[in-house]
Amino acid sequence: MLSYVCSTGRGLSILKGFKVRKVLLVFLTVISISLFGQGEANIWYFGENAGLDFSTSPPTVIKGMSNVEGNTNLMETSASISDASGNFLFGINGKDIYSGDLVKRGTLPNGSYEETAQGAMIIPVPGSSTEYYVTTVPRGSGCSSPSPSWLKVTIDPSITTGNNIVSIGAANPFPTNNVGHGQMIIPKTDAAGNPTGEHWLVNHGRNSNEFHVYDITSSGIVYNKTISNGPVMVTDCSGSDHIAYFKSNGCYNQFAYGYGDDVYLFDFDTQTGDMNYQNKTGPITQAYG
């Protein structure tokens, strides 16, 4: 497990003395719990009939989603979100979108895949209490992949049983393709360090050192810039899969990007969306999760 101490200082030192291993069942749900209020990340669903309720200590095992499409031994595309009271609203599992009653109501865009690390994430639309963005990263093959995309899910919070999804919007492809696994959502701040209510979305190019940065706003998710920073993340273009994921610290001013057998460490500016490479640790065979 990667762990950090929240600090306002700059620079991210090499992490030592931790163990990371790849497991067959990986759940990568929503984003860091501390980004939300008290209950939004209480319920996690992943894989076939697997769930956890974090409103108890220790967490309670709960019945999960059924008839999940794809290889449930390698189910990586999963995300869940609840309301502030911890009531489950909707989630992603495999290629499907499930409503609050755990029934399939829609599918992810073409190119999405159940074996993509951090393949789907959910973020509330800024300023809305009923709308949520779902961002997806496709699996691809070799050195290429389709464009990531986003769509909007609208829910009716007054419905506690049955179908609480009002609508699932059309997919909006991003203008950048050929991205690796993994995506990261980080809150924006103003010059004083106060959250603005909007967010950054970041993914990384295949076989490059490019980070693609997007603005998550109330009117949609729009491309902001591409930043070339840090080492080139070399992809095996023969078609073999690669392992990649993002993990930010609790202050969101630093993050790690795990790629293959190395973990790369960056500073992140939550006001501008800029980043600076610091160093890396490795090799850690199949660093993951």
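Just so it is clear, the model here is predicted, and its values are computed rather than measured. (Residues numbered from 1 in each chain as written. Predicted model: local features only at pLDDT ≥ 70, side-chain atom pairs only at ≥ 80, totals over all residues. Heavy atoms only, no water.)

Of the regular secondary structure elements, the protein holds zero helices and 20 strands. Split into buried and exposed, the 289 residues of the protein put 51% on the buried side. Excluding contacts between residues fewer than 6 apart, the proportion of contacts in the protein whose partners are at least 24 apart in sequence is 55%. Of the roughly 12,200 Å² of accessible surface on the protein, a fraction of 49% belongs to carbon and sulfur atoms. (Helix = DSSP H or I, 4+ residues; strand = E, 2+ residues; numbered from the N terminus. Buried < 20%, exposed > 50% of the residue type's maximum accessible area, 1.4 Å probe, protein only. Contact = heavy atoms within 4.5 Å. Areas by Shrake-Rupley, 256 points an atom, 1.4 Å probe, with all protein chains shown as cover.)

Structurally, the position occupied by asparagine 42 is in the segment before β1 (43–45). If we ignore the near neighbours within four places in the chain, the residues touching asparagine 42 are Leu52, Asp53, Phe54, Ser55 and Gly86.

Pairing in this open sheet of four strands is antiparallel, and the strands run β4-β5-β6-β7 from one edge to the other. Looking at strand neighbours, the two that pair on one side only are β4 (78–82) and β7 (104–107), the edges of this open sheet. Along the sheet, successive strands turn relative to each other by an average axial angle of 20°, direction set aside. Across three bridges, the pairing between strand β6 (residues 96–98) and β7 is antiparallel. Bridging across to β7, aspartate 96 finds its partner in threonine 107. (Pairing = 2+ DSSP bridges. Axes fitted to C-alpha atoms, helices over the stretch in contact; angles between N-to-C directions.)

As summarised here, the arrangement of the four strands in space is β13-β14-β15-β16, forming an open sheet in which the pairing is antiparallel. With one partner strand each, in any of the chains shown, β13 (184–189) and β16 (220–233) form the two edges of the open sheet. Strand-to-strand, the axes of this sheet are offset by a mean angle of 30°, without reference to chain direction. Here five bridges tie β13 to strand β14 (residues 195–204), and the two strands are oriented antiparallel to one another. Directly across from methionine 184, in β14, lies its bridge partner valine 202.

What follows covers the confidence of the model for the protein. In low-pLDDT regions, the fine details of the predicted coordinates are not to be read closely. Per-chain confidence: the protein averages 82 in pLDDT, with 80% of residues scoring 70 or above. For the protein, the element scoring lowest by mean pLDDT is strand β17 (residues 244–248), at 89; strand β11 (residues 165–168) scores highest, at 97. Confidence drops under a pLDDT of 50 for residues 1–36, and excluding neighbours within four residues, the segment shows 108 contacts in the predicted structure. (pLDDT = per-residue confidence, 0-100.)

Before going further, it helps to examine the packing of aromatic side chains. As enumerated under the stated definition, the model contains 17 aromatic pairs in all. With a centroid separation of 4.8 Å and an interplanar angle of 80°, the aromatic rings of tyrosine 45 and phenylalanine 88 are classed as edge-to-face. Of the two residues, tyrosine 45 is situated in strand β1 and phenylalanine 88 in strand β5 (residues 88–93); the sequence distance between them amounts to 43 residues. For the residue pair tyrosine 45 and phenylalanine 88, the accessibility class agrees, reading buried in each case. (Phe/Tyr/Trp six-rings, centres within 6.5 Å; stacked < 30°, edge-to-face > 60°.)

As a further point, take the nonpolar core. Counting residues in each nonpolar core, the largest one holds 18 residues, and the members touching the most others are Val202, Phe211, Phe246, Phe255, Tyr257, Phe268 and Met275. If you list the elements that add at least two residues to this core, you get β13, β14, β15 (208–217), β16, β17, β18 (254–259) and β19 (262–268). Among the nonpolar cores identified, the runner-up in size contains 15 residues, and Ala79, Ile81, Ile97 and Val153 belong to it. (Core = buried A, V, L, I, M, F, W, Y, C linked by side-chain atoms within 4.5 Å.)

Time to look at the pairing of β14. Hairpin connection of β13 to β14: five residues between the antiparallel strands, including glycine 193 at a positive phi of 90°. Across six bridges, the pairing between β14 and β15 is antiparallel. Looking across to β15, one finds that asparagine 203 is bridged to histidine 212. Hairpin connection between β14 and β15: a loop of three residues separates the two successive antiparallel strands, and asparagine 207 in this loop has a positive phi of roughly 55°.

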